[in-house]
Amino acid sequence: MRKSMELKMLDWDSTFFEKKIFSAHLNNDDNIEELDLQLQNAKADLAYVFIPINSKIENKVAEKSSMVLYDHKLTYKMNLSGKDFPTVENIEEVDTTPDNDFISLAISSGIYSRFASDPSLSHKFEAMYELWLRNSLNKKLADKVFATKYNDFITSFITCKIKNGVGNIGLIATHENYRGKSLGKNLINHVHHWYLQNNIKVSEVVTQKANKIACAFYENYGFEISREDLVYHWHFKN
Ligand SMILES: CC(C)(COP(=O)(O)OP(=O)(O)OC[C@H]1O[C@@H](n2cnc3c(N)ncnc32)[C@H](O)[C@@H]1OP(=O)(O)O)[C@@H](O)C(=O)NCCC(=O)NCCS
């Protein structure tokens, strides 16, 4: 018997967006009509539907006009074994309450996010990124937050978390006036140095294909694409 599709109620998202939200990871054998029924029975308001790129199911999904593609998600990976990463002195760990400038910088890292582009969710996009930053600084969502400053002004920052032996970069941004000065590259070096100190040999970061600058930045650094998924939002009228 084939494995049934992975449908999960998302408690955090449902509470935050005040909608009943599910996620579904589909594979080639899955049946969209069956998913439709299951979601209607569950009185879902919204489902995030994830499908791997170039899968046969892509055509079936594209036929459903109620499903809208909001993200072409790229997972970048880098093997750190045998490598050495230089650290620079001006990077510091931060864990204090963020000011408005720092919050704006965190929001700038999400401008290509599906939460910003879906008009039914975008009213909460900035609040979501602010919360992501706050919960990274208080260590709920991150192990470390590193930043560079000019006086007290944060010019660039990065968050990271080790999960199942893999280092994950969460948020990263350089203030627009400070871009192109290697601040971002230095932050990743610093995080990789910290990973290796903790015996972590694999680094991953997720971005959107539409974020061309971020893709160029990660690829220039030496990351390679390890996974590509399409993410559709399927809204239901209840
Ligand atoms: C992506 C980002 C963090 C890069 O930060 P940065 O400090 O400007 O990057 P660096 O100066 O360290 O750049 C390192 C390399 O990345 C590449 N790169 C950086 N910006 C680039 C751009 N605009 N176009 C093409 N390549 C770029 C270059 O190869 C660069 O090397 P070079 O300076 O020798 O040419 C920054 O553009 C940013 O904050 N963007 C908005 C937030 C965002 O999208 N975050 C990622 C979310 S996943």
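Conventions we followed
- Residues numbered from 1 in each chain as written.
- Predicted model: local features only at pLDDT ≥ 70, side-chain atom pairs only at ≥ 80, totals over all residues.
- Heavy atoms only, no water.
- Buried < 20%, exposed > 50% of the residue type's maximum accessible area, 1.4 Å probe, protein only.
- Helix = DSSP H or I, 4+ residues; strand = E, 2+ residues; numbered from the N terminus.
- Arc of directions from axis to C-beta.
- Contact = heavy atoms within 4.5 Å.
- Pairing = 2+ DSSP bridges.
- Axes fitted to C-alpha atoms, helices over the stretch in contact; angles between N-to-C directions.
- Domains from an automatic or database assignment.
- Buried area = accessible area lost by both parts, 1.4 Å probe.
- Salt bridge = Lys/Arg side-chain N within 4 Å of Asp/Glu carboxyl O.
- Phe/Tyr/Trp six-rings, centres within 6.5 Å; stacked < 30°, edge-to-face > 60°.

A word on helix α2 (residues 32-41). What α2 keeps buried is the set I32, L35, D36 and L39. Buried residues along α2 cover an arc of 105 degrees about the axis, so they all sit on one side. Of the exposed residues in α2, the ones pointing more than 90 degrees away from its buried face are L37 and N41. Structurally, α2 contributes buried residues whose contacts are with β1 (6-9), β2 (21-25), β3 (46-52), α3 (57-63) and β10 (224-235).

Here we have ten strands laid out as an open sheet, ordered β1-β2-β3-β10-β4-β9-β8-β7-β6-β5, and mixed in their pairing. One side of each edge strand has no neighbouring strand; the edge strands of this open sheet are β1 and β5 (92-93). Where strand β6 (residues 144-150) and strand β7 (residues 153-163) come together, seven bridges link them in antiparallel fashion. When the bridges of β7 are listed, K144 appears paired with C160. On the sheet, α2 packs against β1, β2, β3 and β10 and is oriented at approximately 55 degrees with respect to β10.

Moving on to the environment of V166. Tracing the backbone shows V166 in strand β8 (residues 166-174). For the pair V166 and S182, spaced 16 residues apart in the sequence, the C-alpha separation amounts to 24 Å. Sequence-distant contacts of V166, that is, excluding residues within four places in its chain, are made with K161, I200, V202 and E204.

Accessible area lost during the coming together of the parts is what is often quoted as the interface size. Taken domain by domain, the chain comprises domain 1 (6-65) and domain 2 (78-227). For domain 1 and domain 2, the distance between their C-alpha centres works out to 28 Å. Across the boundary between the two partners, domain 1 contributes nine residues, which contact eight residues of domain 2. Buried area between domain 1 and domain 2, both sides added, is near 820 Å², and the carbon and sulfur share of it is 73%. Summed over the three residues of domain 1 that lose the most area to domain 2, namely F16, F17 and Y48, the buried surface amounts to 57% of that side. A salt bridge links K124 to E18, with the nearest nitrogen and oxygen atoms 3.5 Å apart.

Right, let's get into the packing of aromatic side chains. One pass over the structure, following the stated rule, counts 14 aromatic pairs. Relative to F115, the ring of Y48 lies with its centre 5.9 Å away and its plane at 80 degrees, an arrangement referred to as edge-to-face. Here Y48, found in strand β3, pairs with F115, found in helix α5 (residues 114-117); they are 67 residues apart in sequence, far enough to count as distant. A residue is classified by how much of its surface remains accessible, and Y48, at 2% relative accessible area, is buried. Residue F115 is classed as buried on the basis of its relative accessible area, which comes to 10%. Taken together, a centroid distance of 5.2 Å and an interplanar angle of 50 degrees make the contact between Y129 and W132 tilted. With Y129 and W132 both in helix α6 (residues 125-137) and three residues apart, this pair spans about one turn of that helix. Judged by its relative accessible area of 28%, W132 falls in the partly exposed class. Connected via pairs of aromatic rings, a cluster forms that spans W12, F16, F17, Y48 and F115.

We now examine the pattern of salt bridges. Taken as a whole and judged by the stated rule, the model has ten salt bridges. The partner of E33 in a salt bridge is K64, and the shortest N-O contact between them spans 3.5 Å. Remark: K64 occurs in the loop between α3 and β4 (67-79) and E33 occurs in helix α2; sequence separation between them is 31 residues. Judged by its relative accessible area of 48%, E33 is partly exposed. Taking relative accessible area as the criterion, K64 reaches 17% and is therefore assigned buried. Note that R134 and E130 form a salt bridge whose closest N and O atoms lie 2.8 Å from each other. Here the residue R134 and the residue E130 both occupy positions in helix α6, the gap between them amounting to four residues, near one helical turn. Salt bridges sharing partners connect three or more residues here, namely E33, D36 and K64.

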